[in-house]
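In case you want the letters, here they are:
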Amino acid sequence: MWHSELMPSNLRAIGVGMGSITGRFAGIFISFIITFLSGIWSGLPVIFFAAVTLLSALFSLLIPETRGQLMPDDIEEYECYGTEKYTLLKKRRIELLQEKNETPI
């Protein structure tokens, strides 16, 4: 569930819901796409799905690595993710968690 990991905590439920809706609409329209493409040429649906799979794999390389990192908790942190401001916000959050004796990650 990569898409849920990339969203701030307060928007995660909305994001997961939107991802689910998108997947369901894709499932509905896929039969129309297969029918249309196979009417042009019988091998075209296979080529289409292979291209979509390869594009998805390439786009997944653009997703930042999140292993062992604090993820954004709110919109402000999400908007500055990957900048020095985010690093400062993250350090401050770690300090607050350590003051409360909680594990930061």
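Above this text you will find the structure in question.
The shown structure was predicted, so the numbers you read here are calculated from the model rather than taken from an experiment.

S.K.: Which residues make up the packing of helix 2 (residues 12-40) against helix 3 (residues 44-60), and what values go with them?
M.R.: One can describe the packing of helix 2 onto helix 3 by two numbers: an axis separation of 8 Å at closest approach and a directional angle of 130°. With respect to helix 3, the axis of helix 2 lies oblique. Of the residues in helix 3, those touching helix 2 at Ile30, Ile33, Ile34, Leu37, Ser38 and Ile40 are Leu44, Pro45, Phe48 and Phe49. Residue classes in the contact of helix 2 with helix 3 are distributed as nine nonpolar, one polar and no charged.

S.K.: Can you explain the packing of aromatic side chains? Please cite residues and give values.
M.R.: Summed over all chains, the structure comprises three aromatic pairs. Geometrically, the ring pair formed by phenylalanine 29 and phenylalanine 32 is tilted, given 6.4 Å between the ring centres and 45° between the ring planes. Taken together, the residues phenylalanine 29 and phenylalanine 32, both in helix 2 and three residues apart, mark about one turn of the helix. Geometrically, the ring pair formed by phenylalanine 48 and phenylalanine 49 is edge-to-face, given 5.3 Å between the ring centres and 70° between the ring planes. Classification of phenylalanine 48 as partly exposed rests on a relative accessible area of 31%. Each member of the aromatic cluster is reached from another via a ring pair, and the members are Phe25, Phe29 and Phe32.

Conventions used here
- Residues numbered from 1 in each chain as written.
- Predicted model: local features only at pLDDT ≥ 70, side-chain atom pairs only at ≥ 80, totals over all residues.
- Heavy atoms only, no water.
- Axes fitted to C-alpha atoms, helices over the stretch in contact; angles between N-to-C directions.
- Helix = DSSP H or I, 4+ residues; strand = E, 2+ residues; numbered from the N terminus.
- Parallel < 35°, antiparallel > 145°, perpendicular 65-115°, else oblique.
- Contact = heavy atoms within 4.5 Å.
- Nonpolar A, V, L, I, M, F, W, Y, C, P; charged D, E, K, R; others polar.
- Phe/Tyr/Trp six-rings, centres within 6.5 Å; stacked < 30°, edge-to-face > 60°.
- Buried < 20%, exposed > 50% of the residue type's maximum accessible area, 1.4 Å probe, protein only.

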